[in-house]
Amino acid sequence: MSISENIARLRREIDRAARETGRTGADITLVGASKMNDEAACQEAIAAGIDALGENRVQEMTQKLARHAYDGAPLHFIGHLQRNKVRQVVGKAALIQSVGSEALLREIEKAAGRLEIVQDILLEVNIGGEEAKSGFAPSDLYAAAKLAAQLPHIRCRGLMTIPPVAHLPGENTPYFEKVRSLFVDISEKMYDNKWEYISMGMSGDFADAIRAGSNMVRLGTGIFGARNYTK
Ligand SMILES: *Cc1c(COP(=O)(O)O)cnc(C)c1O
């Protein structure tokens, strides 16, 4: 299967899941998680109409930017972002999806202020409470949202989550539903900064995520095939 055939098939599956919740595929943003895929693969996905590409690593993103891998589509940053690399991402990524600490929020504010831009971000929620994962605890999320709203060079557009690794179909649905309800609760309190995006769902569980209210899915293997970690 080619990248464009994969995207066409996934769009149909996305549409089917969206219709179960009174929406359509047009309401769901499809982000291609393009880590470990080269600029030709990225360009193929863009030609096939992907809505955005998401990268995980700053170094890989920088190299691929120089090779015009993302020309024609918005670039998202979706990986763990170290504070000392913030300046390499701010202003390059249209959306930084993985903002999981107040320190990182402040660092992004500083870098965006220096460039005199407003950086769009999502707050990442560690919904499974996993030690090894970054992201805000659900109980810290409202404070983070309020802080983000006070920072003039940051615009928070919603939430992102990566639930624990699931072993059974449907296993992550309760996590997706929790994130959806956090989104609704907090968004309601943020009158002047309505949130738009709930980024949840990957190749293995995007239909469940959409049924639980996701409107942005990040798909890697489903689009590009299995990643070759030996290269
Ligand atoms: C790699 C990655 C994805 C996509 O994962 P697949 O299972 O390959 O679809 C989504 N989100 C993030 C943050 C990722 O790092």
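Everything below is about the structure shown above.
Residues numbered from 1 in each chain as written. Predicted model: local features only at pLDDT ≥ 70, side-chain atom pairs only at ≥ 80, totals over all residues. Heavy atoms only, no water.

(A) Here's a closer look at the site of the ligand. Taken together, Ala33, Lys35, Asn56, Ile78, Ile162, Met202, Ser203, Arg218, Leu219, Gly220, Thr221 and Arg227 make up the full set of residues near the ligand. Separating an oxygen atom of the ligand from a side-chain N or O atom of Lys35 is a distance of 2.8 Å. When the free accessible area of the ligand is taken as 380 Å², the share hidden by the protein chains comes to 89%. The cavity where the ligand resides is the largest pocket. (Near = heavy atom within 4 Å. Polar contact = N/O pair within 3.5 Å; in protein donor to acceptor, adjacent residues only side chain to side chain. Areas by Shrake-Rupley, 256 points an atom, 1.4 Å probe, with all protein chains shown as cover. 1 Å grid on protein atoms, 1.4 Å probe; cavity = no way out; pocket = protein on both sides within 12 Å on 5 of 7 lines; lining within 4 Å. Sits in = over half its atoms within 2 Å of the grid points.)

(B) Highlighting the pattern of salt bridges. Using the criterion set out here, one finds 14 salt bridges in the structure. A salt bridge links Lys110 to Glu107, with the nearest nitrogen and oxygen atoms 3.6 Å apart. Taken as a pair, Lys110 and Glu107 lie in helix H4 (residues 102-115) at a separation of 3 residues, close to a single helical turn. Since its relative accessible area comes to 21%, Glu107 is described here as partly exposed. For Arg157, the salt bridge goes to Asp120, with nearest N and O atoms at 2.6 Å. Taken together, the residues Arg157 in strand E6 (residues 154-161) and Asp120 in strand E5 (residues 119-125) connect sequence positions 37 residues apart. (Salt bridge = Lys/Arg side-chain N within 4 Å of Asp/Glu carboxyl O. Helix = DSSP H or I, 4+ residues; strand = E, 2+ residues; numbered from the N terminus. Buried < 20%, exposed > 50% of the residue type's maximum accessible area, 1.4 Å probe, protein only.)

(C) Main features of the packing of helix H1 (residues 3-19) against helix H2 (residues 39-47). Across the interface, H1 lies against H2 with an axial gap of 9 Å and an inter-helix angle of 45°. Classed by the angle they form, the pair H1 and H2 counts as oblique. Judged by the twist between their axes, the crossing of H1 over H2 is right-handed. Here Ile3, Ser4 and Ile7 of H1 come into contact with H2, specifically with Ala41, Glu44 and Ala45. Of the residues belonging to the contact of H1 with H2, the class tally is 4 nonpolar, 1 polar and 1 charged. (Axes fitted to C-alpha atoms, helices over the stretch in contact; angles between N-to-C directions. Parallel < 35°, antiparallel > 145°, perpendicular 65-115°, else oblique. Left-handed = near helix turned anticlockwise from the far one by under 90°. Contact = heavy atoms within 4.5 Å. Nonpolar A, V, L, I, M, F, W, Y, C, P; charged D, E, K, R; others polar.)

(D) The layout of surface pockets, seen in detail. Quantified by volume, the largest pocket comes out at close to 1,100 Å³. Lys35, Asn56, Arg57, Arg227 and Tyr229 are the residues nearest the centre of the largest pocket, which is lined by 41 residues in total. Broken down by element, the residue count for the lining of the largest pocket peaks at 4 residues, all from helix H3 (residues 58-66). (Points joined across faces, edges and corners; volume = space filled by probe spheres on them.)

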